[in-house]
Amino acid sequence: RSGDWSSHMCNIMGHLEELFTSTITRTFPEIDKPIVQIQVSKHADYQCNAAMTMAKTLKKNPREVGETVVKNFPEDPVISKLDLSGPGFINIYLDKEFLKQQVTNIVLQGVTPPPTKRRRVVVDFSSPNIAKEMHVGHLRSTIIGDSICHLLEFLGHDVLRLNHLGDWGTQFGMLIAHLKDEFPDFANNPPPISDLQAFYKASKKRFDEDEEFKKRAYEAVVKLQAHDPAHKKGWEEICEISKNEFQKVYDKLKIRITDRGESFYQSRMESLVKELTDAGLLQEDNGRMVMFGDGGEIPLTIVKSDGGFTYDTSDMACIKQRIEEEKGEWLIYVTDAGQSEHFKSFFACSKKAKIYDPAKVRVDHVQFGVVLGEDKKKFKTRSGDTVRLIDLLDEGCQRSEEKLKEKERDKVLSEEEFKKARDAVAYGCIKYADLCHDRTRDYIFSFDRMLDFRGNTAAYLLYALTRICSIARTAGVKKEDITEEAKKNPLVLEHEKEWKLARTLLKLPDVLVKLTEDLYMHPLCEFLYEVSSVFTEFYDNCYCVEKDQSGNIVKINYNRLILCEAVATVMEQCFAILGIETLEKM
Ligand code: ARG
């Protein structure tokens, strides 16, 4: 792996870590598993503190240990020099030719992913419930899940994106019973229900108030679960209407996802219950059948006292299906933190039932905090209702339009360009605001904040990117000219700010590796913001295109245009992973 970095980007920190680990184990066989941490350093490029921690075990002076490590270090194309400072810090200086080659590669080949072992990954995200409103919690799940999929797809994994729709609850009994009354001919003519929420509310009202209706609702569930064709048809109609609504949100946000709701697991739930019963893993509790994990988790309800199945049953059947049938090697579930006990329980129970083996399969519950309004209370409309996602997205577009007009973008863009910019900014900002901070924390949804053209927002970053892309364009230099130049002549970097920018760009592979460890996406946003800030520093200090007083171009610095192109490529790749569309003009 090490040695030839001409064809792909090097994850520098990971590479240095490997080099240090192997050198240390070779030099000091008595150290079993060295703890090697590589850090970015102010004095050099990177720094390693291993000598200090090892000195204790070796009962030697840390500086001496450091010197021995440096002496025994192999030649490597990434490193130009190592030296010691302080009590035993090992400073690492990167090879400049290597850095230049890596930057050139970005321009010639794009961002190449760090080497990864390809795995089959199932990502369960979005997952709203049929006939109910898709709410901001589902929006978070959609945004975070989509971004995780982009990341894993980019790294070369085989990703299955699944929408675990809540399409199989007892609520269908009342919905179907109501449907039969309102639209008796639903089997032949699709019912013209325009507002499924209102329909849901009306059926719920009857269910709560009318005993006879309630009885019919229960019968309808039984018939549906017994696969009665007319009931199945009613259920399908309702699902259809609901899914069409959800699809509007996915289309706007350009989300790819495959529907596979809880109902998919119905027959598998039946066999699962039999298996668990035969294995003696279920126990009775007040008429229900429950299952305990081995770690003191809350028990799962596998069969209700009326014989019906639950959310727990479907997730048990589902994890089995994902491991055994889908051959999933990594399962990811994206939901609000409120469900963490549920996930702990069914992970524990599936382990106990030998469905899931932690040595073979990685599972992650990717949880997130609550969305709050600007009043720091639960996100609601003024009248206290749940905010409809479609309305929220539309408001985003309207606000983004106002903002762009304020900046007089409508005067420089064509009508079509303006519309494109409006949507990209609106959806980009909504996504970015969600992804740019620690997902486990609650976050305050504020259009004013996310559409601010200053600071760490998509509005600012998208704009910064269009400006970078326009540097070469306004100088009349085409992208092909830049790549030609990069192919022909070795890159020349001299100015301190040029180096700083190059080093910053080359941190990306390490950032990506880090993201896959804990599936927190905010470090990628921090990186993106850092790139754009370091770019500004560079641009303020280094002319890319020199003009005379009357504005005529007198000199084009191709090396710097190559650097600009590399910055744009890196930023575009980050946006792609975040699921944010970039713009050429804005
Ligand atoms: N439908 C659920 C909800 O709205 C989320 C489902 C998450 N996925 C799962 N396999 N449990 O909260």
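Cut-off values and rules
- Within every chain, residues take consecutive numbers counted from 1 along the sequence as written.
- For this predicted model, a pLDDT threshold of at least 70 governs which residues receive local features, and a threshold of 80 or more governs which side-chain atom pairs are given and counted, while totals over whole chains, interfaces and linings are taken from all residues.
- Values reported for side chains reflect all heavy atoms of the structure, with hydrogen atoms and water molecules removed beforehand.
- Only DSSP runs of H or I reaching four residues or more are called helices, and only runs of E reaching two or more are called strands; each is numbered from the N terminus.
- Note on exposure labels: buried denotes an accessible area under 20% of the residue type's maximum, exposed denotes more than 50%, and partly exposed covers the range between, all computed with a 1.4 Å probe on protein chains only.
- Computed by Shrake-Rupley with a 1.4 Å probe, the accessible areas treat only the displayed protein chains as cover when residues are assessed.
- Note on terminology: near, applied to a residue and a molecule or strand, indicates that one of the residue's heavy atoms is within 4 Å of it.
- For the purposes of these results, a polar contact is taken to be a pair of N or O atoms within 3.5 Å, where, inside protein, one atom must be able to donate a hydrogen and its partner to accept one; residues adjacent in sequence count only when each atom of the pair is a side-chain atom.
- Three residue categories are used. Nonpolar comprises Ala, Val, Leu, Ile, Met, Phe, Trp, Tyr, Cys and Pro, charged comprises Asp, Glu, Lys and Arg, and polar comprises the others, including Gly.
- Cavities and pockets are found on a 1 Å grid laid over the protein atoms alone: a cavity is a set of points where a 1.4 Å probe fits but cannot escape, a pocket is an open set with protein on both sides within 12 Å along at least five of seven lines, and a lining residue has an atom within 4 Å of such a point.
- Grid points are joined across faces, edges and corners, and a volume is the space filled by probe spheres set on the points.
- The salt bridge criterion pairs a side-chain nitrogen of Lys or Arg with a carboxyl oxygen of Asp or Glu, the two atoms within 4 Å.
- At least two bridges found by DSSP between two strands is the condition for calling them paired.
- Fitting a line to C-alpha atoms yields each axis, with helices limited to the stretch in contact; the angle taken between N-to-C directions then spans 0 to 180 degrees.
- Domains are outlined according to an automatic or database domain assignment.
- Buried area: the accessible area, evaluated with a 1.4 Å probe, that two parts lose upon being put together, summed over both parts.
- Note on aromatic pairs: the rings of Phe, Tyr and Trp (six-membered ring only in Trp) are paired at centre separations within 6.5 Å, and the planes decide the class, stacked below 30 degrees, edge-to-face beyond 60, tilted for the rest.

Quick word on the overall build of the protein
Turning to step 1, where the next piece is worked out: The helix and strand tally for the protein stands at 22 helices and 16 strands.
Turning to step 2, where the next piece is worked out: With the principal axes as the frame, the protein shows a C-alpha extent of 85 × 70 × 40 Å.
Turning to step 3, where the next piece is worked out: For the protein, buried positions account for 52% of its 586 residues.
Turning to step 4, where the next piece is worked out: A total accessible area of about 27,500 Å² is found for the protein, and carbon and sulfur atoms account for 48% of it.

Side note on the site of the ligand
Turning to step 1, where the next piece is worked out: As a structural note, the neighbourhood of the ligand is formed by D124, S127, N129, H138, H164, Y311, D315, Y333, T335, Q339 and F343.
Turning to step 2, where the next piece is worked out: Within the side chain of D124, one N or O atom sits 2.8 Å away from a nitrogen atom of the ligand.
Turning to step 3, where the next piece is worked out: A distance of 2.8 Å is found between a nitrogen atom of the ligand and a side-chain nitrogen or oxygen belonging to N129.
Turning to step 4, where the next piece is worked out: When the ligand is considered free in solution it has 350 Å² of accessible area, and contact with the protein chains removes 91% of it.
Turning to step 5, where the next piece is worked out: Listing elements by their share of the shell around the ligand, those giving two or more residues are α11 (311-325) and β11 (330-336).
Turning to step 6, where the next piece is worked out: Taken together, the residues that form the shell around the ligand break down as three nonpolar, six polar and two charged.

Focus: empty space enclosed by the protein
Which parts of space are left empty comes out when a probe the size of a water molecule is rolled across the atoms.
Turning to step 1, where the next piece is worked out: Under the definition given, this model contains two cavities of 30 Å³ or more.
Turning to step 2, where the next piece is worked out: Contributing to the lining of the largest cavity are I144, D434, L435, H437, R439, L519, Y520, M521 and H522.
Turning to step 3, where the next piece is worked out: For the lining of the largest cavity, the per-class residue count stands at five nonpolar, two polar and two charged.
Turning to step 4, where the next piece is worked out: In this structure, the second largest cavity spans a volume of roughly 30 Å³.
Turning to step 5, where the next piece is worked out: Surrounding the second largest cavity, N163, L165, K243, F246, Q247, Y250 and D259 form its lining.
Turning to step 6, where the next piece is worked out: Here the lining of the second largest cavity gets four residues from one element, more than from any other, and that element is helix α9 (residues 229-253).

Details of the pattern of salt bridges
Should their charged atoms come close, side chains of opposite charge can pair.
Turning to step 1, where the next piece is worked out: Considering all chains together, one arrives at 48 salt bridges under this definition.
Turning to step 2, where the next piece is worked out: The closest approach of N and O atoms between D448 and R399, which form a salt bridge, is 3.1 Å. Taken together, the residues D448 in helix α16 (residues 447-450) and R399 in helix α13 (residues 389-406) connect sequence positions 49 residues apart.
Turning to step 3, where the next piece is worked out: The exposure class of D448 is exposed, given its relative accessible area of 51%.
Turning to step 4, where the next piece is worked out: Classification of R399 as partly exposed rests on a relative accessible area of 24%.
Turning to step 5, where the next piece is worked out: Between R454 and D452 there is a salt bridge, and its shortest N-O distance comes to 3.1 Å.
Turning to step 6, where the next piece is worked out: The class for R454 is exposed, based on a relative accessible area of 62%.

Structural notes on the sheet that holds strand β1 (residues 38-40)
Turning to step 1, where the next piece is worked out: With respect to topology, four strands assemble into an open sheet ordered β1-β2-β4-β3, the strand pairing being antiparallel. Across the chains shown, the open sheet's two edge strands, defined by having one partner strand only, are β1 and β3 (79-85). On average, adjacent strands in this sheet sit at an angle of 30° to one another, irrespective of strand direction.
Turning to step 2, where the next piece is worked out: Two elements, strand β2 (residues 46-48) and strand β4 (residues 89-94), share three bridges in a ladder whose sense is antiparallel. Bridge pairing in β4 places Q47 opposite N91.

Some thoughts on the domain arrangement of the protein
Turning to step 1, where the next piece is worked out: According to the domain assignment, the protein contains domain 1 (12-94), domain 2 (125-167 + 169-256) and domain 3 (389-578).
Turning to step 2, where the next piece is worked out: Using C-alpha coordinates to define each centre, domain 1 is positioned 36 Å away from domain 3.
Turning to step 3, where the next piece is worked out: At the boundary of domain 1 with domain 3, total buried surface from both sides reaches about 410 Å², with 47% on carbon and sulfur atoms.
Turning to step 4, where the next piece is worked out: At the boundary of domain 1 and domain 3, one finds one salt bridge.
Turning to step 5, where the next piece is worked out: The salt bridge partner of R503 is D45, with a shortest N-O separation of 2.6 Å.
Turning to step 6, where the next piece is worked out: At the surface where domain 1 touches domain 3, the tally comes to four residue pairs in polar contact (both at pLDDT 80 or more).
Turning to step 7, where the next piece is worked out: The element that contributes the greatest number of residues to the side of domain 1 that touches domain 3 is helix α1 (residues 12-27), accounting for three residues.
Turning to step 8, where the next piece is worked out: Residue classes in the side of domain 1 that touches domain 3 are distributed as four nonpolar, one polar and one charged.

Quick word on the sheet that holds strand β12 (residues 362-368)
Turning to step 1, where the next piece is worked out: Pairing within the open sheet is parallel, and its five strands lie in the order β7-β6-β5-β11-β12. With partners counted over all chains shown, the strands left at the sheet margins are β7 (258-259) and β12, one partner each.
Turning to step 2, where the next piece is worked out: Bridge count for strand β6 (residues 158-163) against β7 is two bridges, and the pairing is parallel. Each residue of the ladder has a partner; that of L162, found in β7, is T258.

Looking at the layout of surface pockets
Turning to step 1, where the next piece is worked out: Here the largest pocket is characterised by a volume of approximately 1,000 Å³.
Turning to step 2, where the next piece is worked out: Along its surface, the largest pocket is lined by 47 residues, and N129, K132, G166, E262 and Y311 are the ones closest to its centre.
Turning to step 3, where the next piece is worked out: Looking at the lining of the largest pocket residue by residue, the classes come out as 17 nonpolar, 21 polar and nine charged.

Observations regarding the pairing of β3
Turning to step 1, where the next piece is worked out: Alignment of β3 against β4, held across six bridges, turns out to be antiparallel. What sits directly across from I79, in β4, is L94.
Turning to step 2, where the next piece is worked out: Turn length for the β3-β4 hairpin, with the two strands adjacent in sequence and antiparallel, is three residues, and the turn residue G86 shows positive phi of about 60°.

Remarks on the packing of aromatic side chains
Turning to step 1, where the next piece is worked out: A full pass over the atoms with the stated rule returns 18 aromatic pairs.
Turning to step 2, where the next piece is worked out: Ring centres of F379 and F445 lie 5.0 Å apart, and the angle between their planes is 50°; this geometry places the pair in the tilted category. With F379 in the loop between β13 (371-372) and α13 and F445 in the loop between β14 (443-444) and α16, this residue pair connects regions lying 66 residues apart in the sequence.
Turning to step 3, where the next piece is worked out: Overall, the relative accessible area of 4% leaves F445 in the buried class.
Turning to step 4, where the next piece is worked out: When the ring of F535 is compared with that of F538, the centres are 5.6 Å apart and the planes differ by 55°; the resulting orientation is tilted. Here the residue F535 and the residue F538 both occupy positions in helix α21 (residues 522-541), the gap between them amounting to three residues, near one helical turn.

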